[in-house]
Amino acid sequence: MRLRAAVTTWSSGPRGRRRLAPRRGVTLIEVLIVLAIVALMVGGMSIGIGALSSARLRESATLVAGAVKAAYNHANARSRTTRLVFDFGARTITVEDSPGRMFLERNSRTGGAAAASDAEAAAVAASEEILKGPRPARPSFTPVKDLLGFEYDSGRGIAQKKLGEGIYFGPIEVDHEDLPVVEDRVYVYFFPGGQAERAHIRVQKGTEPEDDDDILTVSVAPLTGKVQILTGSVEMPRPTSDEDASERVDSGT
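These numbers come from a predicted model, not from an experiment. (Residues numbered from 1 in each chain as written. Predicted model: local features only at pLDDT ≥ 70, side-chain atom pairs only at ≥ 80, totals over all residues. Heavy atoms only, no water.)

### Here's the deal with the overall build of the protein chain
The helix and strand inventory of the protein chain stands at four helices and 13 strands. Classification of the 253 residues of the protein chain by burial places 37% in the buried group. Counting contacts in the protein chain only where the partners sit at least 6 residues apart, residues at least 24 apart contribute 64% of the total. Taken as a whole, the protein chain presents about 15,500 Å² of accessible surface, with 56% of it coming from carbon and sulfur. (Helix = DSSP H or I, 4+ residues; strand = E, 2+ residues; numbered from the N terminus. Buried < 20%, exposed > 50% of the residue type's maximum accessible area, 1.4 Å probe, protein only. Contact = heavy atoms within 4.5 Å. Areas by Shrake-Rupley, 256 points an atom, 1.4 Å probe, with all protein chains shown as cover.)

In structure tokens:
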């Protein structure tokens, strides 16, 4: 059986000589065609993934803009000082409010409110150590559990929004902080009577975006609370005079 199987691989020549039957190989052109097809498939997948992440980035920026409008309206409708809470680690946005009157405190982690975490408590204690003398009680904030456009998290007992998959908060600038905030939590405040804190909230693809096209900045105008979605990482303007601070010409949309 082995001899017969081996013989079948041979063929007879014109003079009775036996030789191996020729076997067809793969040509260079065929290899190039296969490589070209693979390259097109990989390129198409890359374009599809890039388009998807860009759509998620735009969707997340719109989500932030919607949260700003909801907090602004909540402060006016309920006559309560309201703040948006941006959590860098959880990539979530929640809303808190307080019945107490509050004035923004510069260079304060909480903006003048009571501490809500150990890190904030340490920061508040350090600032109060510098400023001696009696101080009014800091207002406390509680989560808003039911707010239109926010999903209710039964585990945490709060309403929240979450950034799209692969989208993160970039540096967030707020008026009560001199430097951008890049970790833990940061607050943007809204007050009864139609006043808002100036802020620039960045959302970006991944933790380290490759270029400005991977970043969108949500600009919050003071007083009016109007929002504008800007392409790239846009620095928040810092007023240098009372006229600048009044925002007489509203740059929001």
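### Observations regarding the environment of Glu59
Relative to the assigned elements, Glu59 resides in helix α2 (residues 28-78). Along the sequence, Glu59 and Gly164 sit 105 residues apart, while their C-alpha atoms lie 7.4 Å from each other.

### Digging into the pairing of strand β11 (residues 199-205)
With seven of its seven residues buried, β11 lies for the most part within the structure. Summarising the sheet, strand β8 (residues 167-174) and β11 pair through six bridges and their orientation is antiparallel. Residue pairing for β11: Tyr168 is matched across the bridge by Gln204. Note that β11 and strand β12 (residues 215-220) share six bridges and pair antiparallel. (Pairing = 2+ DSSP bridges.)

### Focus on unusual backbone geometry
Its identity is not glycine, yet Ser79 carries a phi of approximately 55°, on the positive side. By the element assignment, Ser79 lies in the loop between α2 and β3 (81-87). The exposure class assigned to Ser79 is exposed, which follows from its relative accessible area of 53%. Despite not being glycine, Leu223 shows a phi value in the positive range, around 70°. Considering the arrangement of structural elements, one finds Leu223 in the loop between β12 and β13 (227-231). Judged by its relative accessible area of 36%, Leu223 falls in the partly exposed class.

### Points about the packing of aromatic side chains
To describe a pair of aromatic rings, you give the distance between the ring centres and the angle between the ring planes. All chains considered together, the criterion is met by five aromatic pairs. Relative to Phe169, the ring of Phe88 has its centre 6.0 Å away and its plane inclined at 70°; by these criteria the two rings are edge-to-face. Linking Phe88 in the loop between β3 and β4 (92-98) with Phe169 in strand β8, this pair joins segments that are 81 residues apart in sequence. Both residues of the pair, Phe88 and Phe169, belong to the buried class. (Phe/Tyr/Trp six-rings, centres within 6.5 Å; stacked < 30°, edge-to-face > 60°.)

### Description of the nonpolar core
Ranked by size, the top nonpolar core spans 36 residues in total, and within it Val64, Leu84, Phe86, Phe169, Phe190, Ile201 and Val203 carry the most contacts. Contributions of two or more residues to this core are made by α2, β3, β4, β8, β9 (185-191), β11 and β12. Per-element accounting of this core gives the leading share, ten residues, to α2. With sequence-adjacent residues up to four places away left out, Phe169 is seen in contact with Val64, Phe86, Asp87, Phe88, Arg91, Thr92, Ile93, Leu163, Ile201, Arg202, Val203 and Gln204. In this structure, Val85, Met102, Tyr187 and Phe191 belong to the second largest nonpolar core, which totals seven residues. (Core = buried A, V, L, I, M, F, W, Y, C linked by side-chain atoms within 4.5 Å.)

### Comments concerning the pattern of salt bridges
Close approach of charged atoms allows side chains of opposite charge to pair. Taken as a whole, this structure holds ten salt bridges when the rule is applied. Among the ionic pairs, Arg80 bridges to Asp97, the shortest N-O distance being 3.1 Å. A residue pair is termed long-range when its members are at least 10 positions apart, and Arg80 in the loop between α2 and β3 and Asp97 in strand β4 qualify at 17 residues. The exposure class of Asp97 is buried, given its relative accessible area of 7%. Taken together, the shared-partner salt bridges connect Glu173, Arg202 and Arg238 into one network. (Salt bridge = Lys/Arg side-chain N within 4 Å of Asp/Glu carboxyl O.)

### What to know about the layout of surface pockets
Taken as a whole, the largest pocket holds about 420 Å³ of empty space. A class-by-class count of the residues in the lining of the largest pocket yields eleven nonpolar, five polar and six charged. (1 Å grid on protein atoms, 1.4 Å probe; cavity = no way out; pocket = protein on both sides within 12 Å on 5 of 7 lines; lining within 4 Å. Points joined across faces, edges and corners; volume = space filled by probe spheres on them. Nonpolar A, V, L, I, M, F, W, Y, C, P; charged D, E, K, R; others polar.)

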